[in-house]
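Analysis of the macromolecular model
Read off the chains here:
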Amino acid sequence: CEPAEPEPAALVVVLDRSGSMGETAQGNLTKLDFARDAVTQGVLPWLDFARGDRLGLLVFNDSVTELLALATVPSPDAVARAVGGVSAFGKTELYAPLARAAAMLETVESNHKKILVLSDGKSTVATKVEDEFRALGEKCRAAKIDVAVVTPGQAEPPPELRALSAKIYQGTYE
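Keep in mind it's a predicted model, so treat the numbers as computed, not measured.

1. Thoughts on the pairing of strand S6 (residues 113-118)
A large share of S6 lies buried, amounting to five of its six residues. Note that strand S1 (residues 10-16) and S6 share six bridges and pair parallel. Within S6, the residue paired with leucine 15 across the bridge is leucine 118. Relative to strand S7 (residues 145-150), S6 runs parallel, the two being bridged by six bridges. Looking at the pairing, leucine 116 lines up with alanine 148 of S7.

What follows is the structure, given as structure tokens:
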């Protein structure tokens, strides 16, 4: 009996494009530069588009823009072009992009659903309260959506991002 083929994955990358992501992180590279590299050099090689893996890309500051709808991506170059055109500006609102990513994945039939948040976590717009983040976390758990948080260009996640993760994942930080 041959092993079953792995089920296609579905990933939504939530990329922070707020003004703080334009800050220098190391040498002459910004946090946004590190985030772009995380997508093109970290995420893309992990995905197997021939298997049917799907990728969606949201960028956010104080508003959310869908750069790539959740779909099988025909070319990694299309993703590289999309993230390459992202510039840093505006304030940061973390709840709306997370809710939108969860909604994109909620109805997907897969046991491999993930939201990858690339953000420095410096929220400057607080429109949602802790109960709403907790409810979003419950929605993600019910839909079997994992959330991973990466802080590009930073050794330690800021307290605000750790608190956001704790609100969604009951005190654990990924």
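2. Brief notes about helix H3 (residues 95-106)
Under the 1.5 Å per step criterion, the end-to-end length of H3 is 16 Å for 12 residues, consistent within 8% with the ideal 16 Å. All buried positions along H3 are accounted for by Tyr95, Pro97, Leu98, Ala101, Ala102, Met104 and Leu105.

3. As for the packing of helix H1 (residues 31-46) against helix H2 (residues 76-84)
Packed helices, taken two at a time, are described by their axes: the angle between them and the distance between them. Across the interface, H1 lies against H2 with an axial gap of 9 Å and an inter-helix angle of 165°. On the basis of the axis angle, H1 is roughly antiparallel to H2. Like other packed secondary-structure pairs, H1 and H2 cross with a definite hand, here right-handed. Along the contact surface, H1 presents Arg36, Val39, Thr40 and Leu44, while H2 presents Pro76, Val79, Ala80, Val83 and Gly84. Along the lines of polarity and charge, the residues of the contact of H1 with H2 split into six nonpolar, two polar and one charged.

What counts, and where the lines are drawn
- Residues numbered from 1 in each chain as written.
- Predicted model: local features only at pLDDT ≥ 70, side-chain atom pairs only at ≥ 80, totals over all residues.
- Heavy atoms only, no water.
- Buried < 20%, exposed > 50% of the residue type's maximum accessible area, 1.4 Å probe, protein only.
- Helix = DSSP H or I, 4+ residues; strand = E, 2+ residues; numbered from the N terminus.
- Pairing = 2+ DSSP bridges.
- Expected span 1.5 Å × (residues − 1).
- Axes fitted to C-alpha atoms, helices over the stretch in contact; angles between N-to-C directions.
- Parallel < 35°, antiparallel > 145°, perpendicular 65-115°, else oblique.
- Left-handed = near helix turned anticlockwise from the far one by under 90°.
- Contact = heavy atoms within 4.5 Å.
- Nonpolar A, V, L, I, M, F, W, Y, C, P; charged D, E, K, R; others polar.

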